[in-house]
Amino acid sequence: MPARRATAVVLLAALGAGLVAWGSAGPRDASLPLYAAGVALDVDGAVVDVPVGSEVALHAGTRVLDDPGSRADDVLAAEQRAWLASGSLPGGADGPYADMVADALLDLRTLLLDDGAAVAAWTDRWRYVWPRDAAFVAVALARTGHGDDALDVLGFLERVQAPDGSFEARYLPDGSGPPDDRAPQTDGTGWALWAAGEVVAAQPADRQQPVAERLRGLVTRSAAGAVALTARDGLPPASPDYWEVAEDELTLGTVAPLLAGLESAPALLELLDEEEAAAAAREAAGRTRDAVERAFGDDTAYGRYADGSVADAASAFVLPPLQPRPLAGALDAWQASAAAMERPAGGLAPGAAWKSDGISWTPQTALYALVAAENGRPDDARARLDWLDAHRTPLGALPEKVLADGSPAAVAPLAWTAACVVLAVDALDG
């Protein structure tokens, strides 16, 4: 293992709480508690974690605590049911994943605060907004007919974005800034721009221009930032990515989201009559696509680094729905990557270089379900979705992790996982 890559792995073990607490240090087949059975609204409308083993009851079809001594919770429950009914349910109410999708959507709604802050989870170390997670939440909401909520999520990202189009790794839910001095992450610019394109595309044709106009600041800043980052040779500088560890070598997890954003940018900018910027983004997308295929695709199988490195879940980022079409050789590389990341309980790790602690990660497993559904692998998608459905908490929430013995662990629900599940079933629905 090259020294710089070894440094990243050491940092991964030391940081502990990166990537929504990615990689908590522990032995093979590590044990980790489930921090919450799920999330709910109390009688005052406040978001609360539901303790593991709690005897509390929820109003049917909602994430609202049932308080027999109050009528306020009845109103909250009616509001959540009406919200769910106002959109579509991927797979249909009689589909095999109806219960999981409905619960996932209700969890996303409960974790979405009034100002558009889509927090990753409610347990304290996860109660922040990661641009990556929020991007997926916005797309899931838009695809299921909750367009105003999707725009609120992207509006939050627009408010916290720096003038140069960059993002911090995560933000406090009040939008006042980052919670710590964690390094900014370049991938956030790409994720926000990709999500903006997906949210606009999900609108009826006559609404796409006005919706794009609402996102003008986010789109123009993100596009300019992505073009600048890839101006030299199509590849941006090294940055932390979804592993959230320091990197001095470019990862696929950084450049692939930027490419996704650049591919989305021209259509958005043309809706905004920004023809010069659209042309610049189109040129940058072509340059970056060629550079990624050359650096990561030639004899490297879209691994984490550009020199023949081990498999990484970021190989999913170079396929639809993140890209308009697969990069050369990407589908074969992505399919091969799963075997290298398989964990004892049946889920996936974030990469083959992730430490051998026996823990499956639901965001990567759900992401692979989504990519399988989008790329003509419905049986693979269903197998992943079946596994996720079987490893929910007793409250029906999708946890962040699953231990080697199949027990749900860490936070529940995790917004990124919930969003990917909704999108995967929507893709199967076709």
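Residues numbered from 1 in each chain as written. Predicted model: local features only at pLDDT ≥ 70, side-chain atom pairs only at ≥ 80, totals over all residues. Heavy atoms only, no water.

> Help me understand the packing of aromatic side chains in this model?
When we look at a pair of aromatic rings, we describe it by the centre distance and by the angle of the planes. Here the structure, examined in full by the defined rule, presents twelve aromatic pairs. Arranged with centres 4.9 Å apart and planes meeting at 90°, the rings of W191 and F317 form a pair that is edge-to-face. Of this pair, W191 sits in helix α7 (residues 187-201) while F317 is found in the loop between α11 (275-297) and α12 (330-341), placing the two residues 126 residues apart along the sequence. Take W191: its relative accessible area is 1%, and that puts it in the buried class. A centroid spacing of 5.8 Å and a plane angle of 70° characterise the contact between Y242 and F317, whose relative ring orientation is edge-to-face. Residue Y242 is located in the loop between α9 (216-229) and α10 (252-271), and its partner F317 is located in the loop between α11 and α12; the two are separated by 75 residues in the primary sequence. (Phe/Tyr/Trp six-rings, centres within 6.5 Å; stacked < 30°, edge-to-face > 60°. Helix = DSSP H or I, 4+ residues; strand = E, 2+ residues; numbered from the N terminus. Buried < 20%, exposed > 50% of the residue type's maximum accessible area, 1.4 Å probe, protein only.)

> Explain the packing of α9 against α10 here, please?
For any two helices packed against each other, one specifies the crossing angle of their axes together with the interaxial distance. One way to put it is that α9 packs onto α10 with a least axis distance of 10 Å and a crossing angle of 130°. The pairing of α9 with α10 is recorded here as oblique in orientation. Here the hand of the crossing between α9 and α10 comes out left-handed. Here V219, T220, A223, A226, V227 and L229 of α9 lie close against α10, whose contacting residues are L258, L262, A265, L268 and L269. Taken together, the residues of the contact of α9 with α10 sort by class into ten nonpolar, one polar and no charged. (Axes fitted to C-alpha atoms, helices over the stretch in contact; angles between N-to-C directions. Parallel < 35°, antiparallel > 145°, perpendicular 65-115°, else oblique. Left-handed = near helix turned anticlockwise from the far one by under 90°. Contact = heavy atoms within 4.5 Å. Nonpolar A, V, L, I, M, F, W, Y, C, P; charged D, E, K, R; others polar.)

> Before we go on, may I ask you to explain the side chain of T230 in this structure?
Within the secondary structure, T230 sits in the loop between α9 and α10. Those residues within four positions of T230 in sequence are excluded, and the remaining contacts are L235, P236, L262, A284, R287 and T288.

> Help me understand α7 in this model?
For α7, which comprises 15 residues, the first-to-last C-alpha distance of 21 Å matches the rise-based estimate of 21 Å (1.5 Å per residue) to within 8%. Of all 15 residues making up α7, 14 are buried, and the element is well covered by its neighbours. (Expected span 1.5 Å × (residues − 1).)

> Explain the pattern of salt bridges here, please?
As a working rule, side chains carrying opposite charge can pair if their charged atoms are close by. The final tally for this structure, using the stated rule, is 27 salt bridges. For the salt bridge of R392 with D99, the shortest nitrogen-to-oxygen distance reads 2.8 Å. Taken together, the positions of R392 in the loop between α14 (378-390) and β4 (401-402) and D99 in helix α4 (residues 98-110) put the pair 293 residues apart, joining distant regions of the chain. Among the charged side chains, a network of salt bridges with common partners joins R63, D99, D103, D107, D389 and R392. (Salt bridge = Lys/Arg side-chain N within 4 Å of Asp/Glu carboxyl O.)

> Mind showing me how you'd approach the sheet that holds strand β5 (residues 408-409) here?
Strands sit in the order β3-β4-β5 across an open sheet of three strands; the sheet is antiparallel. On the outer flanks of this sheet lie β3 (360-361) and β5, each paired with one strand and no other. Examined bridge by bridge, β3 and β4 share two bridges and lie antiparallel to one another. Bridge pairing in β4 places S360 opposite V402. (Pairing = 2+ DSSP bridges.)

> What is the right way to look at the environment of E274 in this model?
Checked against the element boundaries, E274 lands in the loop between α10 and α11. The partly exposed category is assigned to E274, whose relative accessible area is 28%. Separated by 54 residues in the primary sequence, E274 and T220 place their C-alpha atoms 8.6 Å from one another. With residues up to four places along the chain from it excluded, the contact list for E274 reads R216 and L269. A polar contact is formed between the side chain of E274 and the side chain of R216, at a distance of 2.9 Å. (Polar contact = N/O pair within 3.5 Å; in protein donor to acceptor, adjacent residues only side chain to side chain.)

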